[in-house]
Every structure is written in structure tokens, then in C-alpha cells.
Amino acid sequence: MPEPGGASRLRLPGLCFLLQALTILLFAAFVRFSPESSPGLCSQPLNCSRRNQDSGLQHPRFRDGHLQTLLGFGFLVAFLSRYGPGSVAISILVVAFAIQWAVLLQGFLHQFRNGKIHLGAQSMVRADFGAAAALISTGAVVGRVSPAQMLLLTLLGVTLFTLNEYILLSLLGVSDSGGSVTVHTFGAYFGLMVSRILRQPHMDQREEQRDTGQQPDVFAAVGTVCLWIFWPSFTSATTAHGSAEPWAVLNTYFSMAASTMATFVLAPVLSEESTLRMVQIQDAAVAGAAVMGMAGEMLVTPFGALIAGFLAGLIPPLGFRFLTPFLRSRLKIQDTCGVHNVHGLPGVLGALLGMLLAALATADAYGGRLELVFPLVARGSRTRTEQALLQLSALLLSLLLATLGGCLTGEL
């Protein structure tokens, strides 16, 4: 919660100085540049989405992913007229620290060789995923915590995100290149649990979620355009280039298109307004992309992506109409930006879709791409059923870690 008193004016500058000094010292001690042509960045070759790739191909991916994180996610919370540009500024602050912290933590787990972290373009792509998860978490509490508390939330959130990602992708060999589970689901429910601990009984969340006015729609319009331009690259950023990448890009586009159509179908029925507002279209785009995070690189097929996107597009209107009041009144969770409806539930749907596709994966259907999406299944080390169960376990483990971590963070 915002901290009263004149002393709080020095809290943010002091915390920023301490955190930046710490990261500078750690970078000086451990981080070195590494040629992108060096052997695989992962300590364990369990997930082909971690394969090292040429820097010329990685730079556009990093650029698109970074723009998506800054603009797409940044403007996602700016529709709140009470916060507006201030929320964008805080989003940039979160990204600035989250990227540095994620590079360090992911480097120690994946790129630590001979006592040093070897930094490449793929490192920055993965760091953007950590920053995206942190921004989703902060969306649940924006306006109810101070910037200094946002930084502490980011510090702990990125730490738990990195641990969760390492367990799922490197140790268990789960396929989640676009982050349905590791980014959207984890980020949303981590933030919701923090919100539950920091709840403010007299806050009228319903009015804040759908503030009216021209300025919020301008922010939402910019954010929506950025989502459409950059999110397919964000979803495909960690797939192996020239293989399953086109699947992830095209499936994400199809899903976002269908989710937008779904919102135009359902939202006018549930709302008293005759026309949709830009923020509702923005929510639809996010939901359509979130549901393809895990399944995008799998053989979901174009019509399957349309079906999944349409179902995901129904979630935000239904969620804001029925689930948000329930969360606020019964569970005492104040979800400022509606991350449960926009990221959490679509991420869960994406995980269930990924489990189904893993159970149906065959060498005949995938051809040589089975090695890229499900390497252990292709090598015969794991059955399709086992892979599907692990995809499901990834969802359960992420929910558990997000719930426990969020509660602990909120108490600190």
C-alpha cells in the first residue's frame, strides 16, 4: 500500500540505488559477452526452444520482444485514467530492473560456465519473458502499492519466475515456448495472491477497472496495435528458427483474430453500452495470444487456433461480468487490471490445450518437427501420455508456486 510520510520520498531513490549497485557488482563479477555461435545456452538439452541461434536472427526477436514488453504490456495498465502515464512510468521502471535481475538469475541456471555467465541475444529474449511475468503480476496491484514496493515485488517475482521456469522447462522437459504457464499463468496468480494479502476493503474495484474518458482509450489503442504487431514474435521468440517458428507466429495471429471476433460477439450482450471500448478489444488480443503460448508451436492447426482463440476471447467479457465481482466480494481479491480474466484463465486454457496436443503428438503428424517440439518423445525416452501428464503438472506446479510465493511476498 502507498506509504505516507515525508521519509517515503527517499525510499524509492534509495532502493533504486541499492538494487542498481547490487546488479552492477554482480554483472562486473560474473557477466561476460559470449558469441552467439557458441554451444547451447542451456545446461541440459531437454528443451529445443533453448537452442542457441544466430545473432542476426536473434536481434529482431529481441527487438520485437522488448517492444512488446514495454509497449504492449506497459499500455495494458494505462487505460486506468486515475494512473494513466504514471502507470506507464512504473511499468518502465519494473522492466528496467526485471531485465537485469532476470539476466543474472537465468544466467546462473542456464549459462554459467567456468565461473562466468555468458551473455548473448537469447539471454535478453529470455529476460524479457521474466519482465513480462513481472508486469502481469504488478497489474493486479497497480495503484495500491508504492513504486518501491513494486520493485520489491519484481525482485521476488522474477526470482520465483526463474525458478519455476527452470524446473518446468529444463528439469521436466515441458514445452511452453510462448509462456502460457510460465509467463501468463504464473504472473497472474502470483500477482493475485499478493493482491489478496494487500487488499483494501473500501476500494471500489469495479469502477476503476472500467474508467471512462478519452485518454484511457488512446492508451488502449496504442497498446492493442503493439500487441498485434509484436506479440506473434514474442510467442515464437524461443522456438527453434526455421522449424516450428512459423507455426507459432501464424497460430498466434489466427488466435488473436478469433478472440477479437468473440469479444464483439459477447461483450455487447453483457454490457449496456452499444459499442465496445478499446480496452475490451485490447483484453481480447491478450487473451488470444496467451492461449497460444504453449500450443502455438504444436500442431494445433489453423482451424484449431481459431477455435482456441474464440474460446479465449469469451473469457474477458464473462470474467469481468461474473468472476471479478466474485473475487472481490467472496475471496477479497482486488484485481486492478483484471489479470485473472486476461492472462490467468487464458493461460490455464492454453495449458490444457497443450496437454491435449501433447497426448496426440505423433511422428507421422509432426515429421521432423517432433524432435524440436517434444524431443524426448521423438527419441523414445518418453511416451506421449507421459509428456501430456507433465504438461498438466506444469500448470499445477506453477499455480502452487505462484500461490505460495504471492502470499509470502504480500506478507513481507
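If you're wondering where the values come from, they're calculated on a predicted model, not measured in any experiment.

Student: How would you summarise unusual backbone geometry if you had to cite specific residues and measurements?
Tutor: For T301, which is not glycine, the phi dihedral falls at a positive 70°. If you trace the backbone, T301 turns up in the loop between α11 (292-295) and α12 (302-329). The phi angle at K332 is positive, at roughly 60°, despite the residue not being glycine. Residue placement: K332 occurs in the loop between α12 and α13 (339-360). For K332, a relative accessible area of 35% translates into the label partly exposed.

Student: Could you give me a rundown of a positive patch on the surface, with the residues and numbers involved?
Tutor: On the surface, a cluster of positive charge is contributed by R196, R199, R330 and K332. By secondary structure assignment, the location of R330 is in the loop between α12 and α13.

Student: Which residues make up the sheet that holds strand β1 (residues 31-33), and what values do they have?
Tutor: Spatially, the three strands line up as an open sheet ordered β1-β3-β2, and their pairing is mixed. Each edge of the open sheet carries a strand with a single partner, namely β1 and β2 (112-113). Pairing analysis gives two bridges linking β2 to strand β3 (residues 116-119), with the strands arranged antiparallel. Among the inter-strand pairings, F112 is bridged to a residue of β3, identified as I117.

Student: Tell me about the pattern of salt bridges, residues and numbers included.
Tutor: Summed over the entire model, instances satisfying the criterion amount to two salt bridges. One salt bridge connects E165 with R126, and the closest N-O pair in it is separated by 2.2 Å. Here E165 is found in helix α5 (residues 147-171), whereas its partner R126 is found in helix α4 (residues 121-139), with 39 residues between them in sequence. Since its relative accessible area comes to 6%, R126 is described here as buried. Put simply, R379 and E371 hold a salt bridge, and the shortest N to O gap is 3.0 Å. What makes R379 partly exposed here is its relative accessible area of 43%.

Student: Run through a nonpolar patch on the surface, naming residues and quoting values.
Tutor: A cluster of nonpolar side chains, L163, I167, L171, L397, L400 and L404, forms an exposed patch at the surface whose accessible area comes to about 500 Å². Looking at the nonpolar patch, the elements that each hand over two or more residues are α5 and α17 (384-411). Positionally, L163 belongs in helix α5. Judged by relative accessible area, which is 39%, L163 ranks as partly exposed.

Student: Mind laying out the nonpolar core, listing which residues take part and the relevant values?
Tutor: In terms of nonpolar packing, the biggest core is built from 66 residues, with M292, Y366 and F374 touching the most fellow members. Sorting elements by how many residues they give to this core places helix α6 (residues 180-197) first, with nine residues. Contact partners of Y366, with chain neighbours within four places excluded, come to W247, M298, L299, L357, A361, V373 and F374. Formed by 23 residues, the second largest nonpolar core is a distinct cluster that contains L15, L104, L155 and V158.

Student: Outline the confidence of the model for the protein, listing residues and values.
Tutor: Reading predicted coordinates in detail is not appropriate for stretches of low pLDDT. Per-residue confidence for the protein gives a mean pLDDT of 83, with 82% of residues at or over 70. Across the protein, the element-wise mean pLDDT spans from 45 in helix α7 (residues 205-209) up to 96 in α13. The model gives residues 37-57 a pLDDT under 50, and that stretch makes 54 contacts with residues more than four places away or in other chains. Here residues 205-215 scores under 50 on pLDDT; set against residues more than four positions off or in separate chains, the count is 34 contacts.

Thresholds applied
Residues numbered from 1 in each chain as written. Predicted model: local features only at pLDDT ≥ 70, side-chain atom pairs only at ≥ 80, totals over all residues. Heavy atoms only, no water. Helix = DSSP H or I, 4+ residues; strand = E, 2+ residues; numbered from the N terminus. Buried < 20%, exposed > 50% of the residue type's maximum accessible area, 1.4 Å probe, protein only. Patch = residues over 30% accessible without salt bridge, like charges linked within 9 Å, V, L, I, M, F, W, Y side chains within 5 Å. Areas by Shrake-Rupley, 256 points an atom, 1.4 Å probe, with all protein chains shown as cover. Salt bridge = Lys/Arg side-chain N within 4 Å of Asp/Glu carboxyl O. Lys, Arg positive; Asp, Glu negative; His and termini not counted. Charge placed at Lys NZ, Arg CZ, Asp CG, Glu CD. Pairing = 2+ DSSP bridges. Core = buried A, V, L, I, M, F, W, Y, C linked by side-chain atoms within 4.5 Å. Contact = heavy atoms within 4.5 Å. pLDDT = per-residue confidence, 0-100.

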